[in-house]
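Residues per chain are reported as follows:
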Amino acid sequence: MSAQVLYRPAEPRDERRLGEIAYATGYFGDPATRFFPDRALFADLWVRPYLHGGGGASFVAELDGEVQGYVLGAPDPVAYQRALIRTVTRHVLPRLLTGRYLRPWPGLVYLLRAAVFSGPHADPAQFPAHLHLNLMPGARGQGLSGPLLKLHLARLAELGVRGVQLSTTLENTAALRTYRRRGFVVAGARRTALWTPWLGRPAVQVVLTRSVA
């Protein structure tokens, strides 16, 4: 019997589950444990802002009643930046200062490296929106990513957004195939030492873009 699939907008009540998915896929599709040991901090930074004022084009895929994948998107970069700042100042920093995160410091090392070894970015005037798409390992190969991207792009079109960009690396071959099938193109690439402590070598960071209107 085939699984029952439901696609719907992401909601704040999904935050815990989306944090689990984000962490389970945060290292080129594998768990983020290797470079970011604190699960709660990872979810607060990479999920929470989209569900609390910074999103507007985010959707989840449920299989038999459980969320197994998502696309988190920010159509308005200004709204996203405000939501991220609110998350950090009102949520992350108080938890950090009171010791509520269990192992935050290795993750902060990654964040510092990310600030130093930044990847390429597309013109925000042409491609103001950005997105993240992730599926639990057991849900891959079931055709969920295409409909999620289709819903996301349709919502961007409704909002009048000109284009969308996303960042990944050449390590993430499955994701690259998915995006290219949906009309994304590589708009820039940069060899970076960001991932050297964990990969043992530099990686090529790429930015992909797609026009929407």
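Here the residue index of a chain counts from 1 through its sequence in written order. Given that the model is predicted, a residue must reach a pLDDT of at least 70 before its local features are reported, and side-chain atom pairs must reach 80 or more before they are shown or counted; all residues, however, enter totals for whole chains, interfaces and linings. Excluding hydrogens and water, the side-chain figures rest on all heavy atoms present in the structure.

Working definition: a ring pair exists when centres of Phe, Tyr or Trp rings (six-membered ring for Trp) sit within 6.5 Å. Plane angles under 30 degrees give stacked, over 60 give edge-to-face, the rest tilted. The full count for this structure, using the stated rule, is 20 aromatic pairs. Here the aromatic rings of tyrosine 27 and phenylalanine 35 are separated by 5.9 Å at their centres, their planes lie at 35°, and the arrangement is tilted. Residue class for tyrosine 27 comes out buried when judged on its relative accessible area of 7%. Since its relative accessible area comes to 3%, phenylalanine 35 is described here as buried. Between phenylalanine 35 and phenylalanine 42, the ring centres sit 6.3 Å apart and the planes meet at 80°, which makes this aromatic pair edge-to-face. Burial classes follow relative accessibility: with a 1.4 Å probe on protein chains only, a residue under 20% of its type's maximum area counts as buried, one over 50% as exposed, and anything between as partly exposed.

Computed over the protein atoms alone on a 1 Å grid, cavities are sets of points where a 1.4 Å probe fits but cannot get out and pockets are open sets with protein on both sides within 12 Å along at least five of seven lines; a residue lines them when it has an atom within 4 Å of a point. Grid points are joined across faces, edges and corners, and a volume is the space filled by probe spheres set on the points. Roughly 150 Å³ of volume is contained in the second largest pocket. Arg16, Gly19, Glu20, Tyr23, Arg39 and Ala43 are the residues that line the second largest pocket. In terms of residue count, helix H1 (residues 15-24) provides more of the lining of the second largest pocket than any other element does, four residues in total. Residue polarity is assigned by list, with Asp, Glu, Lys and Arg as charged and Ala, Val, Leu, Ile, Met, Phe, Trp, Tyr, Cys and Pro as nonpolar; anything else, Gly included, falls into the polar class. Here the lining of the second largest pocket is composed, by residue class, of two nonpolar, one polar and three charged. By the criteria applied, helices consist of DSSP H or I runs no shorter than four residues and strands consist of E runs no shorter than two, each listed in order from the N terminus.

Residue placement: serine 58 occurs in the loop between helix H3 (48-54) and strand S2 (59-63). Pairs of N or O atoms within 3.5 Å make up the polar contacts considered here, provided that, within protein, one atom can donate a hydrogen while the other can accept it, and that residues adjacent in sequence are counted only when both atoms are side-chain atoms. One polar contact links the side chain of serine 58 to the main-chain amide nitrogen of glycine 73, over a distance of 3.0 Å. With sequence-adjacent residues up to four places away left out, serine 58 is seen in contact with Pro9, Ala10, Tyr50, Val71, Leu72 and Gly73. Note on contacts: a residue pair qualifies if any of its non-hydrogen atoms lie within 4.5 Å across the two residues.

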